[in-house]
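Below are the chains, spelled out letter by letter.
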Amino acid sequence: MRIYNTLTQKKEEFIPLEEGKVRMYVCGPTVYNFVHIGNARPAIIFDSFRRYLEYVGYQVNFVTNFTDVDDKIIKKANEEGVSATEISERYIKEFRTDMDALNVKEATVHPKATQEIDGMIEMIGDLIKKGHAYEKNGTVYFKTRSFPDYGKLSKKKIDDLEAGARIAVSEEKEDPMDFVLWKPKKEGEPFWTSPWSEGRPGWHIECSVMSRKYLGEQIDIHAGGEDLIFPHHENEIAQSEACNEKEFARYWMHNAFLNIDNKKMSKSEGNFFTVREICEQYDPQVVRFFMLNSHYRSPLNFSKDLMEAAKNSLTRILTAVGQLEFLLSGNSLAETKITEQESEFLKDAQGLHEKYKVAMDDDFNTADAIAAIFELVKLANTNCSSDSSRAFVQEVYELIVKLCDILGIFTKKEEELLDADIEKLIEERQTARKNKNFQRSDEIRNLLLDQGIVLEDTREGVRWKRS
Ligand code: AMP
Ligand code: ZN
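Here the structure is a predicted model, which means the values were calculated and not measured. (Residues numbered from 1 in each chain as written. Chains lettered and ligands numbered in written order. Predicted model: local features only at pLDDT ≥ 70, side-chain atom pairs only at ≥ 80, totals over all residues. Heavy atoms only, no water.)

Draft legend 1. Layout of the packing of aromatic side chains. Applying the stated criterion across every chain, the model contains 16 aromatic pairs. Summarising the aromatic geometry, the rings of Phe34 and Tyr91 are spaced 5.5 Å apart at their centres and angled 75 degrees between planes, so their arrangement reads as edge-to-face. Residue Phe34 is found in the loop between strand S3 (21-26) and helix H1 (40-55), and its partner Tyr91 is found in helix H3 (residues 84-101); the two are separated by 57 residues along the sequence. Seen from their ring centres, Phe290 and Phe302 are 5.4 Å apart, and the 85 degrees between their planes marks the pair as edge-to-face. Highlighted residues: Phe290 in helix H9 (residues 284-292) and Phe302 in strand S13 (residues 300-302), separated in sequence by 12 residues. Exposure class is identical for Phe290 and Phe302. Each is buried. Here the aromatic residues Phe46, Phe49, Tyr296 and Phe364 are joined through ring pairs into a cluster of three or more. It is Lys156 that lies over the ring of Phe230; its NZ or CZ is 5.0 Å from the centre. (Phe/Tyr/Trp six-rings, centres within 6.5 Å; stacked < 30°, edge-to-face > 60°. Helix = DSSP H or I, 4+ residues; strand = E, 2+ residues; numbered from the N terminus. Buried < 20%, exposed > 50% of the residue type's maximum accessible area, 1.4 Å probe, protein only. Lys NZ or Arg CZ within 6 Å of the ring centre and 35° of its normal.)

Draft legend 2. Quick peek at the sheet that holds strand S4 (residues 59-64). The 4 strands are arranged S4-S3-S10-S11 in an open sheet whose pairing can be described as parallel. Among the strands making up the open sheet, the edge pair consists of S4 and strand S11 (249-255). The sheet shows a mean angle of 20 degrees between the axes of neighbouring strands, direction not considered. The pairing of S3 with S4 spans 6 bridges and is classified as parallel. Looking across to S4, one finds that Met24 is bridged to Phe62. This element, helix H7 (residues 229-244), spans strand S10 (219-225) and S11 of the sheet and lies at about 160 degrees to S10. (Pairing = 2+ DSSP bridges. Axes fitted to C-alpha atoms, helices over the stretch in contact; angles between N-to-C directions. Contact = heavy atoms within 4.5 Å.)

Draft legend 3. Broad picture of the pattern of salt bridges. Applying the stated criterion across every chain yields a total of 38 salt bridges. Ionic pairing is found between Asp98 and Arg276, a salt bridge with its closest N-O pair at 2.7 Å. Of this pair, Asp98 sits in helix H3 while Arg276 sits in helix H8 (residues 275-281); the two residues are 178 residues apart in sequence, bridging distant segments of the chain. Residue Asp98 is classed as buried on the basis of its relative accessible area of 3%. In this structure, Glu245 and Lys130 form a salt bridge, with 2.9 Å as the shortest nitrogen-oxygen distance. Within this pair, whereas Glu245 is found in the loop between H7 and S11, its partner Lys130 is found in the loop between helix H4 (117-129) and strand S5 (133-136), the two being separated by 115 residues in sequence. Taking the relative accessible area as the measure of exposure, Glu245 reaches 60% and is therefore exposed. Linked by salt bridges that have partners in common, Arg145, Asp159, Glu162 and Asp175 make up one network. (Salt bridge = Lys/Arg side-chain N within 4 Å of Asp/Glu carboxyl O.)

Draft legend 4. Broad picture of the coordination of the zinc ion (ligand 2). Protein-derived coordination of the zinc ion (ligand 2) comes from Cys27 (SG), Cys207 (SG), His232 (NE2) and Glu236 (OE), at a distance range of 2.1 to 2.6 Å. If you look at the zinc ion (ligand 2), its 4 donor atoms make angles of 72 to 128 degrees with each other, and the shape they trace is irregular. On the primary sequence, the residues serving as donors to the zinc ion (ligand 2) are separated as C-x179-C-x24-H-x3-E. One end of the pair, Cys207, is in helix H6 (residues 203-215); the other, Glu236, is in helix H7, with 29 residues separating them in the sequence. With a relative accessible area of 1%, Cys207 lands in the buried category. (Donors = N, O, S within 2.8 Å, 3.2 Å for Na, K, Ca; no water. Tetrahedral: all angles 85-135°; square planar, octahedral: opposite > 155°, others 65-115°.)

Draft legend 5. Broad picture of the pairing of strand S15 (residues 461-466). Note: strand S14 (residues 453-458) against S15, 6 bridges, orientation antiparallel. Pairing of Ile453 across the sheet is with Arg466, part of S15. A loop of 2 residues connects S14 with S15, the two strands running antiparallel in sequence.

Draft legend 6. Quick look at the packing of helix H12 (residues 366-383) against helix H13 (residues 390-406). Contact pair H12 / H13: the axes reach a minimum separation of 10 Å and the direction vectors enclose 155 degrees. Here H12 lies roughly antiparallel to H13, going by the angle between them. Remark: the crossing between H12 and H13 carries left-handed chirality. Along its contact with H12, which presents Ile373, Leu376, Val377, Leu379, Ala380 and Asn383, the element H13 presents Phe392, Val396, Leu399, Ile400, Leu403 and Cys404. Its residues assigned to classes, the contact of H12 with H13 comprises 11 nonpolar, 1 polar and no charged. (Parallel < 35°, antiparallel > 145°, perpendicular 65-115°, else oblique. Left-handed = near helix turned anticlockwise from the far one by under 90°. Nonpolar A, V, L, I, M, F, W, Y, C, P; charged D, E, K, R; others polar.)

Here it is, written out as structure tokens:
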């Protein structure tokens, strides 16, 4: 399996630190509001990647955090006149509701920053001891120039960064590039006691600490959206490697951004949607399918038209699965061995399975993997009928279900049939009736009925309506 590593800017063969095991950390959300549709992209992508790693046999230790102490949380708490904990706990709950809807699995460990303050104080203390950090009036800064590799992930040069940096009057940094590890409380802010001041940690230190605590000093994969490359991930590398004196993460994976109608998502522009809002208009499965239909490193445009297209594509898969299920639940299939022709079709199906795996192994190309599923659906639609052998239909069915399942797409749920699919089935029913194959014609009537489609035989032909 090859994955694109932001650190080396190349696709690399994935070799885990420990055979058969993957240690993976994904930066989680700051919980001060409902998650937006952009946040859903890394959640769905890295959940599917985890599922694929598990499918190929790895035991995945998947850690992701909640940033539950932050300026935005405190601001919202003050606006509402409640505690910061009340805000963060409320949106952690809402986050889980959205993730359940999107079929994102719970992490192996899902720590909250506020529960890990002791570990942060310990790491900050170690960084000071090792000469990588210093304290000024209760604030602790990381001494960026003490880490010679600074900039290796984002490919930024510290001197270039410094040229554009300014020190705010209120700051006491030794160097404009130094960043905060610990800051003293302001009036009305939550705080913890530390050797430097009553205060709270900076954002970057939390991931270095939680990653080390739950996965060890060195991990296989660290992931998140591309906006996190700089400064968040760059700073995490500096803290972790300066403290542990070991390479932090071997592979860095970043998803590209999701835009709305080709524009950056922005509340003031009015093109900002929460996952909750979108899931009121679309089945969350459609949202998941939409995200996986593009490669995770390509920018993704979110629009009504593209969502409609995703909905129709997903329905095509689910309709085919529904038809296969229907065939398998009836007794029209031949209880004979797979015919020679069918075994040829199965070879084609295996070829498509292979194509799917090749795509997934090539930097998690879910777009090409889904294209292989569509070819399989076509194979099923053309070749599986009540004249087929049960063993053949069963095999095709199981393969489609498995390939969808790896991507976290349920195939069990009944979806609305597309008008075109209904017309096609009605046509097939008419042909069956003409050929006096009443078993098949009844089968089709019942299949449609199961999906809420009622047929009416009139003198002018067959009419149908959704019940
Ligand atoms: P945040 O709560 O802003 O830290 O974001 C949580 C995760 O969502 C991070 O991995 C971000 O990189 C990612 N993210 C935020 N906005 C977008 C977007 N528009 N498209 C894709 N990923 C995003
Ligand atoms: Zn992080």
